[in-house]
Amino acid sequence: MLKNVAAVLLDGVHPFELGVICEVFGLDRSDAGLPVYDFAAVSAEGPDLATHVPGMTISTPFGLERLEEADLIAVPAAGRIREGYPPELLDALRRAVDRGARVLSVCSGVFVLGEAGLLDGRRCAVHWRYAHELAVAFPRTRVDPDVLYVDEGPVITSAGTAAGIDACLHIVRTEHGSEVANAIARRMVVPPHRDGGQAQYVERPLPIAPCDTVGGVLAWMEAHLDRTLTVEELAARAHMSPRTFARRFQQETGTTPYRWLLSQRVLLAQELLEQTDETVESIAGRAGFGNAAAMRHQFMKALGTTPNAFRRTFRVRSVSPLRASRRSA
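Keep in mind that this is a model prediction, so the values were computed, not measured.

Caption draft 1: Structural view of the overall build of the protein. Looking only at helices and strands, one finds 14 helices and 10 strands in the protein. Expressed as a percentage of its 329 residues, the buried residues of the protein come to 47%. Nonlocal contacts in the protein, meaning residues at least 24 apart in sequence, comprise 64% of its contacts between residues at least 6 apart. Just so you have it, the protein exposes about 16,300 Å², and 51% of that area is on carbon and sulfur atoms.

Below, the structure written as C-alpha cells:
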C-alpha cells in the first residue's frame, strides 16, 4: 500500500508540475476519509532552489537521504534537460526501483529517469515537444508521443504539465480504487479520467514544402476536401500518369496522397468542431469523411478521441454582448 511519497527537486523546477504532485499526495484530506501520505519535497541540489519562474525560490530541509524510505518518488520537470543531473540522485532512483519502489516523471522529468537507465526496454510518455529528443537520447526506450501517461511496472511517465494530474490520479486509482481517485479529483475540480491522448493537443499546421510539380494540385485538393478524390483524377490535373504523380507527391510532401488528404480532413473537422455549431454529421460531409461513423473512426486513429469529446474539450463558445454585460453587472 502506498504510504510514503517524495517529490525530488532540481534547480529550475517547474512550480506547476511540482504543485500537481503536492496537490494529489501532499495534502491532508483525512476530513473526507481520504488517505494521507507521508510526503516530502526533497532537494537534489541543496536546501535552496531556484524555480522556472524568475525570482521564485523553494526551500526544503530534506535531502536525498529522504528518498530511501519512499514508496513513490516523483520527478517534476526542471529547467534543464540532460545537463548534468547529480549522480547521487541517479543512484538513489536506481536503488529505489531495485527495492520495489515506484518512480513517476512529469513532463521533462522523464529525462532524469532516462539518465538513470530506468527507461531501457520500457515504453514511456513525454510532452509531444520532447518526444523526438527523448527517443534520440535514449534509443532503448519506446517513446509514445500520443498518450497522457504510461504505467510500465515501477516506472510511470506522463506527458506535459496537466497530464501529471492524470498520472497521479491513476496511481491513486490503482492503489485505493476509483472511489478515492474520484473524490480527490472532485476536490481538485478536475475530471478523474480524460478521454483521448495528447495527440489532440499537438499543433498540426499545414506542412510547407517546396512542391515544384504538385503544388497546384495540393491547393486544389485543399479546396475540395468534401469530394471523393482519386489518384487518377489528381494525376490528370497534374498532367502525369498515376504512378508518376504518386512518386512525385511522395518526394515533395513526404507522404502519400491518401494520407495527406486524411490529415487535412481531420484538421478541417477539428476547426469546424471548435468554431461552429454544425452537427457532427454535417461536419463529416464537409470534411470529406462521408458520414459521422467514418469520421469518428478516423478521429480515434489520428487523435485518440472522438469528435464529440474533442468538441467538449476545445469548443470556442461565443458570448453575446447582452450576456457579457449581465456578467459584468
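Following the structure, the description resumes.
Caption draft 2: Expanded view of the pattern of salt bridges. Applying the stated criterion across every chain, the model contains 9 salt bridges. Ionic pairing is found between E23 and R29, a salt bridge with its closest N-O pair at 2.8 Å. Residue R29 is classed as buried on the basis of its relative accessible area, which comes to 4%. Residue R95 is joined to E68 by a salt bridge in which the shortest nitrogen-to-oxygen separation is 2.6 Å. Of this pair, R95 sits in helix 2 (residues 87-98) while E68 sits in the loop between strand 4 (57-59) and strand 5 (72-75); the two residues are 27 residues apart in sequence, bridging distant segments of the chain. Residue classification places R95 among the partly exposed residues on the basis of a relative accessible area of 42%. Residue classification places E68 among the partly exposed residues on the basis of a relative accessible area of 35%.

Caption draft 3: Just the sheet that holds strand 5, in detail. Spatially, 6 strands are ordered 2-1-5-6-10-9 in an open sheet, and the strand pairing comes out mixed. The open sheet has two edge strands with one neighbour each: strand 2 (38-43) and strand 9 (149-152). Within the sheet, the average angular offset between the axes of one strand and its neighbour, ignoring direction, is 15 degrees. Pairing between strand 1 (residues 4-9) and strand 2: 6 bridges, direction parallel. Its bridge partner being in strand 2, V5 is matched across the sheet by F39. On the sheet, helix 1 (residues 15-25) packs against strand 1, strand 2, strand 5 and strand 6 (102-106) and is oriented at approximately 170 degrees with respect to strand 1. On top of the sheet, helix 2 reaches strand 1, strand 5 and strand 6; it is set at about 140 degrees to strand 5, its chief contact.

Caption draft 4: Broad picture of helix 13 (residues 307-314). Buried within helix 13 are the following residues: P307, A309, F310 and R311. Its buried side turned inward, helix 13 meets helix 10 (257-275), helix 11 (280-286) and helix 12 (292-303).

Caption draft 5: Highlighting the packing of aromatic side chains. Enumeration according to the criterion identifies 6 aromatic pairs in this entry. Ring centres of F111 and F138 lie 6.3 Å apart, and the angle between their planes is 55 degrees; on these two criteria the pair is classed as tilted. Highlighted residues: F111 in helix 3 (residues 110-115) and F138 in the loop between helix 4 (131-137) and strand 8 (142-144), separated in sequence by 27 residues. Its relative accessible area of 7% is what places F138 among the buried residues.

Caption draft 6: Looking closely at the pairing of strand 10 (residues 155-158). Going residue by residue along strand 10, you find V155 and T157 tucked away on one face and I156 and S158 tucked away on the opposite face as well. Bridge count for strand 6 against strand 10 is 4 bridges, and the pairing is parallel. The residue of strand 10 that forms the bridge with V106 is S158. Bridge analysis of strand 9 against strand 10 gives 4 bridges, and the strand direction is antiparallel. If you follow D151 over to strand 10, its bridge partner there is I156. Joining the antiparallel neighbours strand 9 and strand 10 is a turn of 2 residues, in which G153 adopts a positive phi near 65 degrees.

Caption draft 7: Structural view of unusual backbone geometry. For C107, which is not glycine, the phi torsion reads 60 degrees and is therefore positive. Turning to its location among the elements, C107 is positioned in the loop between strand 6 and helix 3. A relative accessible area of 6% places C107 in the buried class. In the Ramachandran plot, V189 falls in the positive-phi region, its phi being about 60 degrees despite a non-glycine side chain. Its place among the elements puts V189 in the loop between helix 6 (178-188) and helix 7 (215-223).

About the cut-offs
- Residues numbered from 1 in each chain as written.
- Predicted model: local features only at pLDDT ≥ 70, side-chain atom pairs only at ≥ 80, totals over all residues.
- Heavy atoms only, no water.
- Helix = DSSP H or I, 4+ residues; strand = E, 2+ residues; numbered from the N terminus.
- Buried < 20%, exposed > 50% of the residue type's maximum accessible area, 1.4 Å probe, protein only.
- Contact = heavy atoms within 4.5 Å.
- Areas by Shrake-Rupley, 256 points an atom, 1.4 Å probe, with all protein chains shown as cover.
- Salt bridge = Lys/Arg side-chain N within 4 Å of Asp/Glu carboxyl O.
- Pairing = 2+ DSSP bridges.
- Axes fitted to C-alpha atoms, helices over the stretch in contact; angles between N-to-C directions.
- Phe/Tyr/Trp six-rings, centres within 6.5 Å; stacked < 30°, edge-to-face > 60°.

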